[in-house]
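Here is what each chain is made of, one letter per residue.
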Amino acid sequence: MPELSRQTTTRPELARDLGVSHAAAVVVGTIIGSGIFLVPAEMMQAVGSAKLVYLAWLVGGLLSFFGALTYAELGAMKPQAGGEYVYVRDAYGPLAGFLYAWTWFVIAKPASVATVATGLVRILGTFSIFSFFSDKAISAPFTITWGQLVAIAAAILISYLNYIGVKKAGEFQLLFTLLKVAIILGIVAVCFSGAGSATGRGWANFAGTFSGAKGGIAGFMAALVAALWAYDGWNDLNMVAGEVKQPERNIPIALIAGVATVGILYVLMNAAVQYVLPADVIARSPRPASDAVALIMGRTGASIVSLGMAISMLVTLNGTIMSGARVPFAVARDGYFFSALAEVHPRFHTPSVAIVLQALMSIALLLLGANFRQLFSLAIFAEWLFYMIAGSTIFIFRWRIPNAPRPYRMFGYPVVPAVFIAVAGVLLYYTFRGDWPNSFCGLLVILAGVPVFAWFRRQRRARVSS
């Protein structure tokens, strides 16, 4: 009977409810998480110089911008749900597309949701009112803390918001992204207005060094990886391209303007921290931004930074959940995954089953506690591998279908995408060399999708022939 119903009624589709402001908020809000507040210390430990830290931020921003330009053409040309999956599938075939989707569905996105939700709880835990987060809430059959329950609640709440409509999720993203940007600009203003009397150093800090840094090319690459991690997430908009209004116009605008905005905010934030704190203090600080504001405003300033970090994580969580569910949805629509994941809610016009399953997988990781971080580290190498592969598809499409409609033709072709791909290859090399056990396991996870794809392909052929 359900099969008959699907044949006699119009199949519900995703709704194009995200305007250009929502799309830009997806880019900006998803990128800016906790990274800008935390990684300056890691970068200073890597290069040991305020100037080199700045160079790493600028290079990381430029590379992310090159990636955004590449994805702008791809997204405008193929504005379908699934983003990178669609590009890899159309350029290299269904197996390559499935392996991308498999990696994202099994590890990358659920672990990202779990990581962001856990980060949100840790930030909230710095407030005395939430100090009980580390206490046990459940002791049997295994220990679960109140913090884990709050992280699970956050994942469920944001998943529900995305379940009941992409427009509601987009409006949430826009509102809290604006609030996030306002807090960052406020932190920058406080640092530059009060640092002179608080520290007596100011611009002299930009000439400072940290003697214990790793240094050399390896050190700079480590700083660049940290910067790129802070910039990560600019590709998420393309995954919800099927729900963007006038995608041929709005996707390029949102990607280019969004990444440029983030780059400006990051440079300002890093300058503000360095204006207040000397290089050696930044290198030894677990929370440089918080320490910088606290030096000027005391505990109130540190609390403001913590609030900004919490809002940042919440908005990132929304963007991650929104984008992640569209990949398994797109694969299922092609017949290479469980058919239920291809369902669109008849009332809310969202990939409801995919959202629910993604939430359940994230909750399972959150129940594991700290152990899920090992899974996330496995995906780092795989993520950059697929960034490189997805970026390379622009050359395939330009060669294979040169006359296809391209509402946006990227600036700087072929140099810009070639540089992006080449640098991604270099980063893959350093990532593999620096953490080869997890990188190798990440490759094994990708390859494990081959027999899974073969099974679904047989099922698909059986359905078509019957």
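Keep in mind it's a predicted model, so treat the numbers as computed, not measured.

Analysis parameters
Residues numbered from 1 in each chain as written. Predicted model: local features only at pLDDT ≥ 70, side-chain atom pairs only at ≥ 80, totals over all residues. Heavy atoms only, no water. Phe/Tyr/Trp six-rings, centres within 6.5 Å; stacked < 30°, edge-to-face > 60°. Helix = DSSP H or I, 4+ residues; strand = E, 2+ residues; numbered from the N terminus. Lys NZ or Arg CZ within 6 Å of the ring centre and 35° of its normal. Patch = residues over 30% accessible without salt bridge, like charges linked within 9 Å, V, L, I, M, F, W, Y side chains within 5 Å. Areas by Shrake-Rupley, 256 points an atom, 1.4 Å probe, with all protein chains shown as cover. Salt bridge = Lys/Arg side-chain N within 4 Å of Asp/Glu carboxyl O. Lys, Arg positive; Asp, Glu negative; His and termini not counted. Charge placed at Lys NZ, Arg CZ, Asp CG, Glu CD. Buried < 20%, exposed > 50% of the residue type's maximum accessible area, 1.4 Å probe, protein only.

Student: Would you mind showing me how to read the packing of aromatic side chains here?
Tutor: Any pair of aromatic rings gets described here by the distance separating the centres and the angle formed by the planes. As enumerated under the stated definition, the model contains 32 aromatic pairs in all. Between Trp203 and Tyr275, the ring centres sit 4.8 Å apart and the planes meet at 70°, which makes this aromatic pair edge-to-face. Placement of Trp203 in the loop between helix 8 (166-199) and helix 9 (216-231) and of Tyr275 in helix 11 (residues 247-276) is noted, with a sequence separation of 72 residues between them. Seen from their ring centres, Phe338 and Phe456 are 5.0 Å apart, and the 85° between their planes marks the pair as edge-to-face. Here Phe456 lies in helix 19 (residues 436-465) and Phe338 lies in the loop between helix 15 (326-333) and helix 16 (352-368), a separation of 118 residues in the sequence. Through successive ring pairs, a cluster of aromatic residues spans Phe98, Trp102, Phe105, Tyr336, Phe337, Phe338, Phe453, Trp455 and Phe456. Lys78 extends its terminal NZ or CZ atom over the ring of Phe397, reaching a point 4.9 Å from the ring centre. Note that Arg398 overlies the ring of Tyr413, its terminal NZ or CZ placed 3.9 Å from the centroid.

Student: In this structure, what is going on with a positive patch on the surface? I would like to understand it.
Tutor: There is a patch of like positive charges on the surface, built from Arg457, Arg458, Arg460, Arg461 and Arg463. As for its placement among the helices and strands, Arg461 is situated in helix 19. Residue classification places Arg461 among the exposed positions, given a relative accessible area of 54%.

Student: Sorry if this is basic, but what is going on with a nonpolar patch on the surface here?
Tutor: A contiguous nonpolar surface patch, about 630 Å² in accessible area, is contributed by Leu95, Phe432, Trp436, Phe440, Leu444, Leu447 and Val450. By secondary structure assignment, the location of Val450 is in helix 19. Note on Val450: relative accessible area 34%, which makes it partly exposed.

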